[in-house]
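# Reading the structure
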Amino acid sequence: MIVCGLTFVPFPCCSGVADEPAKVSHAIIPGYERFRRDQLSDVDAGRLLISELNCQACHGPLLSASLPARKAPVLTDAASRLTPRFIKEFLNNPQAVKAGTAMPDVLGGDDAERQVEALTHFLASSGSLVPSPVSAVAVKRGEALFHRVGCAACHGDQRKSASERPEFAMPLGDPNTKYTVGSLAAFLKNPHVVRPSGRMPALNLTDEEARDIASYLMKDVKVDATITFEMFEGRWNELPDFEMLTAKVSGETADFDVLVTEKRERFALRFRTFLHVPQDGDYQIWLGSDDGSRLLIDGEQVVVADGVHPHTIVEGKVTLTAGPHPLVVEYFEDGGEESLSVEIAGPNLARQPLAGFVSKSKDAPGNRDAFVPDSELVAAGRRLFDTAGCASCHQHDGIKDVVRLPKSIPPFAKLDLGKGCLSPNAADGIPQFALTEAQRSDIAAAIRSLTAAPQAEASPSQQISTTMLTLNCYACHQRGEVGGVPRIQDHLFTGSIPEMGDEGRIPPHLDGIGDKLQTSWLKHVMQQGAKDRPYMATRMPKFGEQNVGSLPQWFADVDAKSDVPDVTFDEPVHRVIADARLMVGDQALSCIKCHTFDKYKATGLQSLDLTTMSRRLRRDWFHRYLLNPQSYRPGTRMPSAWPNNRSVVPKILDGDPARQLEAIWLYLQDGSQAKIPSGLIAEAIELKPTERPIIYRNFIEGLSARGIAVGFPEGAHYAWDAEQMNLRLIWHGAFIDASKHWVGRGPGNQSPAGDHVMTLVSGQPLAVLQSTDQPWPTESSRNAGFEFLGYRLNKAGEPAFRYSWREWSVVDRIVPVIAESRQEPSLNRSLEFSVAEPKTTSGKAVSFRIAAAKTIQAKDDGWLINGAVFLKFRDGQAELRTVEGGHELLVKLIPDSNGRASIAYEMTW
């Protein structure tokens, strides 16, 4: 059958592998090794090989452009990551040094040895790496990381022998002879700099994670002991005076490692050695430890991390001259975990373990890969890199003018498939790829097919399967009947919540992924990687924009459906969102039992964050999935709240499934700004007005530091800003959760605990306008001369806020009003103004700004603000004006003969 444009035959989801795979002696292309036998046709298999071996570099483009060539590693500054020893041995026999490599043996004939030497000197001429030991603690952490975050999905379980790993696992070679810990860590952190085609993706590792994995992969590196150490027994809360102690054990080691002693608690170590600085300059030192530590150079303290604490890294700086410097590292361990790390960086020196730059004496440390480039060989190697065809595949910034390959190299259409690269006995000067007979046959079949007749443009479905095959997405993900985690690799995929089953540890199927996820999110995830499933140990890697290409759009083109009709509401949107918040909380659907909500943990399983849903998912899919989750992911723990299209909460939004689903979607569109559902904060301290109002003076979200919230037993509340002299928030329901400010140190701002939260006009409330189109002043109320005079309580405990401005004095009172025709109360606001003179000194009338919004409409003898808040005036004549693209509602103050004016209106929302 045809699946996603490639020719497949039916097969079980997770195919087995050979009982005892032979020793690798040919180029390993993971997609080819895994799928060739049971799924790929010879032509499709050959097309994949042509792409991955970069045959186009010499023979030109194929008629079909659906398989872009994989670029070879960038060799600019190769000496910054590769040892000269590796370069020489690899050029001499690529497959013997790095089993499974796609690199052909290019240098042959009587002159091969000289050519290898010349190219080695050229590639290693930009510098030389300093080998360094690895920390046993870092190795242990790195081993766990390698087999947890996704490295082993492509490279296999390195704790098993080669014969026990699957045949499609990409061999790692011998990193011990190829890299140093520092250079390998830099490569792991950003592999696309060196390998731009994304076959080796980035896992968004931190610096520490990259160094730990590098340490694990180089755990067998051999470095001579260069440090003396002493171990002392005792118990301390801070670093002791080592001169007053007697050592229990002493010896030599190659690293600043706590494992030099068998003691694990209540001991101290002192390491002594000489640091050899390569050149004058400023150096950074990183000292990390659990518990206390200190580092001294030339007898002077450079960095200290004293005391009992978890592993903590502290940075210090020091100016040093080239040459040897006595160095001492002191350390003590009280109890619990124990660790110590020491790193250095400086001029032309990337951050790496400091132990690579020390020796037991003032004599410079020996370098096992000491290398001095020969200028004549460097020049010969530069010419050879160009003329031998290296520059056809590899980028090197030192090669400016690339010599075109000989015209004798034929294009694909004119190849003699029995000769040249496809011959197992190619002549000297012709690349000799390590290929099996089956691989050669498949490549020949693809060339014959692709050059026999014009090729139709690949469909989006074909492009999807092609890209997933080349990027090895199938190692983790299944789409249709293809790929997914094979049985032999299943144990490598773990999760932190066993109760979630496979959903919590196995990367999701990609069936219908372009229907499920927004194209913008697909681009982000594939280009930048993601960690939206914190319970899943395996990470979604970063492939880069260039390598992902149009894959997100192809997914959308093939998968996306738009069959869910629009939903309209008679209610204002803030009431719809309030209903949705109720459904999501613990009083209705209890979504929070399984889903986190921003920084708040779920009350049960810790599944995907609800506040990211609208950013990730398509609305159509969201509606359809929630109606029947099992149809999209059989066996999922996600229940349906609308079985047989009937709601389990019929009292909300009339039980209409479409309206309920759309309401939840609207609520989640506020993301992390959405109000927290009920039942999520276990230690909430809700202030509940019962008989009298409650006044809460603290830091309130959306207000200045002088916010004052007032809660009423009737269930309508407000917040007044004593910095702006303005009513800023109104809401219904619960008043305030005081736990943020009453527990611990009380940092941050608190939002209202209820629903229907409306944000009102900000800025100074009064102004003198010279014309009807003059913008409202933006100066702060305080700078404009407003002065807060406090508030007074009446017998019922209701506050009246007082302030002054110029000759004016203002009293602002807001109280609730209950109406039988409404479910929630409204608020009545009354403002009393008094002025010493009926007119200001300028002779212009003073205006009070009631509202500033995108839309203000006259409606039913009142005004509707942004379609949500309805104002009905009892006193004062409001005027609407349009200014700077928005609307403002103003009331001009016309004082009576006693210098008094008033405004009164009711707020319903």
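Tallying secondary structure elements over the chain gives 25 helices and 34 strands in all. For the C-alpha atoms alone, the extent of the chain along its principal axes is close to 115 × 85 × 55 Å. Scored against the burial criterion, the 909 residues of the chain give a buried share of 53%. Within the chain, contacts between residues at least 6 apart in sequence are counted, and of these 67% link residues at least 24 apart. Only carbon and sulfur atoms are counted for the fraction: they give 49% of the accessible area of the chain, which is about 42,200 Å². Distance between charge centroids for the chain: 3 Å, based on 98 positive and 112 negative side chains.

A few words now on the environment of Glu 265. In this fold, Glu 265 is placed in the loop between strand S4 (249-253) and strand S5 (267-277). Assessed through its relative accessible area of 42%, Glu 265 is described here as partly exposed. The sequence separation of Glu 265 and Gly 336 amounts to 71 residues, and the corresponding C-alpha distance is 7.2 Å. Those residues in contact with Glu 265 that lie beyond four places of it in its chain are Glu 333, Asp 334, Gly 335 and Gly 336.

In spatial order, the strands read S9-S6-S11-S12; together these four strands make up an open sheet with antiparallel pairing. On the outer flanks of this sheet lie strand S9 (312-320) and strand S12 (349-353), each paired with one strand and no other. On average, each strand axis in the sheet is tilted by 15 degrees relative to the strand beside it, whichever way the strands run. Strand direction decides the pairing type here: strand S6 (residues 281-290) and S9, joined by nine bridges, are antiparallel. Along S9, the bridge assignment pairs Asp 282 with Thr 319.

At a closest axis distance of 9 Å, the pairing of helix H15 (residues 460-470) and helix H19 (residues 551-559) adopts a crossing angle of 135 degrees. Comparing the axis directions of H15 and H19 gives the class oblique. Two packed elements cross with a definite hand, and for H15 against H19 that hand is left-handed. Across from Pro 460, Ser 461, Gln 463, Ile 464, Thr 467 and Met 468 in H15, the residues of H19 making contact are Leu 551, Trp 554, Phe 555 and Val 558.

Taken as a whole, helix H17 (residues 519-528) has its buried residues at Trp 521, Leu 522, Val 525, Met 526 and Gln 527. Elements that come into contact with the buried residues of H17 comprise helix H16 (513-516), helix H18 (545-548), H19 and helix H21 (613-616). Two residues or fewer after H17 comes Gly 529, characterised by a positive phi angle close to 80 degrees.

Tallied over the full model, the rule gives 41 salt bridges. Between Asp 38 and Arg 37 there is a salt bridge, with the nearest N and O atoms lying 3.8 Å from each other. Taken together, the shared-partner salt bridges connect Glu 230, Glu 243, Arg 270 and Arg 272 into one network.

Turning our eyes to something else, we now look at the confidence of the model for the chain. The predicted model of the chain has a mean per-residue pLDDT of 90, with 94% of residues at 70 or higher. In the predicted structure, residues 1-22 sits below a pLDDT of 50 and forms 54 contacts with residues beyond four places in sequence or in another chain.

The linkage connecting Asp 290 with the following residue, Asp 291, adopts the cis geometry, with an omega of 20 degrees. Secondary-structure assignment places Asp 291 in the loop between S6 and strand S7 (293-297). The backbone of Asp 598 shows a phi angle near 60 degrees, a positive value even though the residue is not glycine. On the secondary structure map, Asp 598 appears in the loop between helix H20 (573-584) and H21.

Next up on the list: the nonpolar core. Of all hydrophobic cores here, the largest spans 78 residues; its most connected members are Ile 50, Leu 53, Ile 443, Phe 555, Met 583 and Ile 664. At six residues, the largest contribution of residues to this core is made by helix H24 (residues 657-668). If you look at the next biggest cluster of nonpolar residues, it comprises 50 residues, including Ala 124, Val 134, Val 149 and Leu 492.

Take the side chain of Glu 230 next. Structurally, the position occupied by Glu 230 is in strand S3 (residues 227-233). By relative accessible area, Glu 230 is classed as buried at 16%. Within the structure, Glu 230 has its side chain in polar contact with the side chain of Arg 270 (distance 3.0 Å). With near-sequence residues (within four places) excluded, Glu 230 lies in contact with Ala 247, Val 249, Ser 250, Ala 268, Leu 269, Arg 270 and Arg 272.

A separate point is H15. The element H15 is extensively covered by neighbouring structure, given that eight of its eleven residues are classed as buried. Taken as a whole, H15 has its buried residues at Gln 463, Ile 464, Ser 465, Thr 466, Thr 467, Met 468, Leu 469 and Thr 470. Of the residues one or two after H15, Asn 472 is the one with positive phi, at around 60 degrees.

Time to look at the packing of aromatic side chains. Summed over all chains, the structure comprises 26 aromatic pairs. Consider the rings of Phe 622 and Trp 665, whose centres lie 5.1 Å apart with planes at 50 degrees: the pair is tilted. In this pair, Phe 622 is assigned in helix H22 (residues 619-627) and Trp 665 in helix H24, connecting sequence segments 43 residues apart. The exposure class assigned to Trp 665 is buried, which follows from its relative accessible area of 5%.

Let us look at the sheet that holds strand S24 (residues 787-793). Pairing between sheet strands relies on hydrogen bonds along the backbone, with the strands arranged either parallel or antiparallel. The strand order across the open sheet formed by eight strands is S24-S25-S26-S27-S34-S31-S30-S29, and the pairing between neighbours is antiparallel. The open sheet is flanked by S24 and strand S29 (856-859), the only strands paired with a single partner. Along the sheet, successive strands turn relative to each other by an average axial angle of 25 degrees, direction set aside.

Looking now at the pairing of strand S25 (residues 799-805). For S25, a buried count of six out of seven residues is recorded, marking the element as mostly surrounded by other parts of the structure. In the sheet, S24 pairs with S25 via five bridges, with the strands oriented antiparallel. Residue pairing in the sheet places Phe 788 in a bridge with Tyr 803 of S25. Linking S24 to S25, which pair antiparallel, is a turn of five residues; within it Gly 797 sits at a positive phi near 85 degrees. In the sheet, S25 pairs with strand S26 (residues 808-817) via six bridges, with the strands oriented antiparallel. What sits directly across from Phe 801, in S26, is Asp 812. Counted between consecutive antiparallel strands, the loop separating S25 from S26 contains two residues, among which Arg 806 sits at a positive phi close to 55 degrees.

This brings us to the environment of Trp 642. With respect to the element layout, Trp 642 can be found in the loop between helix H23 (629-632) and H24. Sequence separation of Trp 642 and Pro 572 is 70 residues, and the distance between their C-alpha atoms is 24 Å. Within the local environment of Trp 642, its side chain forms a polar contact with the side chain of Gln 660, the two groups lying 2.7 Å apart.

Conventions we followed
All residue numbers here refer to positions counted from 1 along the written sequence of the relevant chain. Given that this is a predicted model, residues contribute local features only at a pLDDT of at least 70 and side-chain atom pairs are listed and counted only at 80 or more, while totals for whole chains, interfaces and linings are drawn from all residues. The basis for every side-chain value is the complete set of heavy atoms in the structure, and neither hydrogens nor water enter the calculation. Where helices and strands are cited, they refer to DSSP runs of H or I of at least four residues and of E of at least two residues respectively, numbered from the N terminus. Relative accessibility thresholds used throughout: buried, under 20% of the residue-type maximum; exposed, over 50%; partly exposed, between the two (1.4 Å probe, protein chains only). Note on definitions: a residue-residue contact is assigned when non-hydrogen atoms from the two residues lie within 4.5 Å. All accessible-area figures derive from a Shrake-Rupley calculation using a 1.4 Å probe, and residue coverage is judged against the displayed protein chains alone. For the charge count, each Lys or Arg is scored as positive and each Asp or Glu as negative, with His and the chain ends excluded. Every charge is mapped to an atom, namely NZ of Lys, CZ of Arg, CG of Asp or CD of Glu. Should DSSP find at least two bridges between two strands, the strands are regarded as paired. The axes used here are C-alpha line fits, helices contributing only the stretch in contact, and every angle between their N-to-C directions lies in the interval 0 to 180 degrees. The cut-offs work like this: below 35 degrees is roughly parallel, past 145 is roughly antiparallel, 65 to 115 is roughly perpendicular, and the gaps in between are oblique. Left-handed is the label given to a crossing in which the near helix is rotated counterclockwise from the far helix by less than a right angle, and right-handed is the label when the rotation is clockwise. In the sections that follow, a salt bridge refers to a side-chain nitrogen of Lys or Arg positioned within 4 Å of a carboxyl oxygen of Asp or Glu. A residue's pLDDT is simply how confident the predictor is in it, with values from 0 to 100. Put simply, buried Ala, Val, Leu, Ile, Met, Phe, Trp, Tyr and Cys residues joined by side-chain atoms within 4.5 Å make one nonpolar core. Under the rule applied, a polar contact is a pair of N or O atoms within 3.5 Å (in protein, one hydrogen donor and one hydrogen acceptor; residues adjacent in sequence only if both atoms are side-chain atoms). Side-chain rings of Phe, Tyr and Trp (the six-membered ring for Trp) are treated as a pair once their centres are within 6.5 Å; stacked means planes under 30 degrees apart, edge-to-face means over 60, and tilted covers the remaining angles.

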